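The residues making up each chain are set out below.
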Amino acid sequence: GGWLFHIVTLSLLITAIILLLKQRGWLRNTVILALSFFCLSELKIMVNFVTGGQFQYLVCPLGNSFHIAAIPILGFVYIRELFIERNQAEDALIAYRNHLEDLVEERTVDLTKTNSLLQLEISERSRVENALRESDARFRRVITSVSDHIYMTEITADGQRLNRYISPNIQGLT
């Protein structure tokens, strides 16, 4: 019964190695090395079954050595992948931070331009308001100095008359 488990395990390990041979890179080579150690360990166990345990004193320590050698290799792969992922995440974070700084700089330039335009608009409105006040004051001085009766009316949209200005001379008549 136990030999069947080891045959299936060995078959799966060999299948994984064959699939990995189609890949490239350091990760493939490292994982194939670790899986090869597991295969050798399984082969030693199969030899032990076939020989009826005759060489157990040699096979067991050797098989255990292959297991012990494979585990740190896989640990190295795991740690290396974590390191690579961490570096990629840090690079992405730096790129995003730079992008945000660019966005802030662009927005600051836009806001500075808008602020300058608003300042110009405020200045222009103040100038126009002052000119309107001066014109209104001149108009009132001229109108109040005239002895004739002057009034201004406006006809509203519904046809009503609306008095906009009545000189003091007319107001004195009422």
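Focus on the packing of aromatic side chains
Thinking step 1. Enumeration over the complete set of coordinates arrives at one aromatic pair.
Thinking step 2. Over the aromatic face of Trp26 sits the side chain of Arg80, whose NZ or CZ is 5.0 Å from the ring centroid.

Some details on the side chain of Thr30
Thinking step 1. Inspection of the secondary structure assignment puts Thr30 in helix α2 (residues 26-50).
Thinking step 2. The residues touching Thr30, leaving out its near neighbours within four places in the chain, are Ile73, Phe76 and Val77.

As for the packing of helix α1 (residues 2-20) against α2
Thinking step 1. Between α1 and α2, the least distance of the axes is 9 Å, while the angle of their chain directions is 155 degrees. One way to sum up the angle between α1 and α2 is to call them roughly antiparallel. Of the two elements, α1 crosses α2, and the hand of that crossing is left-handed. Taken together, the residues of α2 that come into contact with α1 (itself represented by Gly2, Trp3, His6, Ile7, Thr9, Leu10, Leu13, Ile14, Ala16, Ile17 and Leu20) are Arg28, Val31, Ile32, Leu35, Ser36, Phe38, Cys39, Glu42, Leu43, Ile45, Met46 and Phe49.
Thinking step 2. Residue composition of the contact of α1 with α2, grouped by class: 17 nonpolar, four polar and two charged.

Conventions adopted
- Residues numbered from 1 in each chain as written.
- Predicted model: local features only at pLDDT ≥ 70, side-chain atom pairs only at ≥ 80, totals over all residues.
- Heavy atoms only, no water.
- Phe/Tyr/Trp six-rings, centres within 6.5 Å; stacked < 30°, edge-to-face > 60°.
- Lys NZ or Arg CZ within 6 Å of the ring centre and 35° of its normal.
- Helix = DSSP H or I, 4+ residues; strand = E, 2+ residues; numbered from the N terminus.
- Contact = heavy atoms within 4.5 Å.
- Axes fitted to C-alpha atoms, helices over the stretch in contact; angles between N-to-C directions.
- Parallel < 35°, antiparallel > 145°, perpendicular 65-115°, else oblique.
- Left-handed = near helix turned anticlockwise from the far one by under 90°.
- Nonpolar A, V, L, I, M, F, W, Y, C, P; charged D, E, K, R; others polar.

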